[in-house]
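Spelled out, the chains give:
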Amino acid sequence: MAELLSDGEIDTALAELPGWRRAGDSLVRTVESPSFPEAVELVRKVAEAAEAANHHPDIDIRWRKVTYTLSTHSAGGLTQLDLDLAAQIDSLAG
Ligand SMILES: C[C@H](O)[C@H](O)[C@H]1CNC2=NC(N)=NC(=O)C2=N1
């Protein structure tokens, strides 16, 4: 069972995740790609990483802008799983 992170732990982590912002019990990042197919291709890569981690983002796709929202539903808030996936998304987004 993933443990909920404290506000301090989240703030410390966000310092290393500059594209992300906290929204309550979630982390949110919008990634803009050069085209719709490229935006969807990134979604596909994120989906592979999420499946491998068994930890899945909420994804909002609007043309070239895709918003990823992370939270650990089973824990009712933010855990290390969210931080790990955020870092993976940053890596995949380039
Ligand atoms: C059964 C399966 O392990 C769980 O439903 C996983 C799937 N992916 C998940 N993703 C997220 N973001 N939160 C969860 O609590 C979660 N739980």
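Residues numbered from 1 in each chain as written. Predicted model: local features only at pLDDT ≥ 70, side-chain atom pairs only at ≥ 80, totals over all residues. Heavy atoms only, no water.

Student: Which residues make up unusual backbone geometry, and what are the values?
Tutor: The phi dihedral of Asn 54 is positive, around 50°, even though this residue is not glycine. Looking at where Asn 54 falls in the secondary structure, it is placed in the loop between helix 2 (36-53) and strand 3 (58-62). Looking at Asn 54, the relative accessible area reads 61%, which means it is exposed. Positive phi outside glycine occurs at Trp 63, with the angle close to 55°. With respect to the helices, strands and loops of the structure, Trp 63 is situated in the loop between strand 3 and strand 4 (65-70). Here Trp 63 falls in the exposed class, since its relative accessible area comes to 58%. (Helix = DSSP H or I, 4+ residues; strand = E, 2+ residues; numbered from the N terminus. Buried < 20%, exposed > 50% of the residue type's maximum accessible area, 1.4 Å probe, protein only.)

Student: I'd like to hear about the site of the ligand, residue by residue, with values.
Tutor: Taken together, Asn 54, His 55, His 56, Ser 71, Thr 72, His 73 and Ser 74 are the residues near the ligand. One nitrogen or oxygen atom from the main chain of Ser 74 is found 2.9 Å from an oxygen atom belonging to the ligand. When the free accessible area of the ligand is taken as 390 Å², the share hidden by the protein chains comes to 59%. (Near = heavy atom within 4 Å. Polar contact = N/O pair within 3.5 Å; in protein donor to acceptor, adjacent residues only side chain to side chain. Areas by Shrake-Rupley, 256 points an atom, 1.4 Å probe, with all protein chains shown as cover.)

Student: I'd love a proper account of helix 1 (residues 7-14), names of residues and values included.
Tutor: Within an α-helix, residues lying three or four positions from one another point in the same direction, as the helix has 3.6 residues per turn. For helix 1, every residue scored as buried is listed here: Ile 10, Ala 13 and Leu 14. One side of helix 1 carries all its buried residues, which in axial view fall inside an arc of 100°. For helix 1, the elements touching its buried residues are strand 1 (21-23), strand 2 (26-32) and helix 3 (80-93). (Arc of directions from axis to C-beta. Contact = heavy atoms within 4.5 Å.)

Student: Go over the sheet that holds strand 1, please, and point to the residues and values.
Tutor: The 4 strands lie next to each other as 1-2-4-3, forming an open sheet whose pairing is antiparallel. For this open sheet the edge positions go to strand 1 and strand 3, each flanked by a neighbour on one side alone. Mean inter-strand twist for the sheet, computed between neighbouring axes without regard to direction, equals 25°. Pairing of strand 2 with strand 4, which is carried by 6 bridges, proceeds in the antiparallel orientation. Looking at strand 4, one finds that Val 31 is bridged to Val 66. (Pairing = 2+ DSSP bridges. Axes fitted to C-alpha atoms, helices over the stretch in contact; angles between N-to-C directions.)

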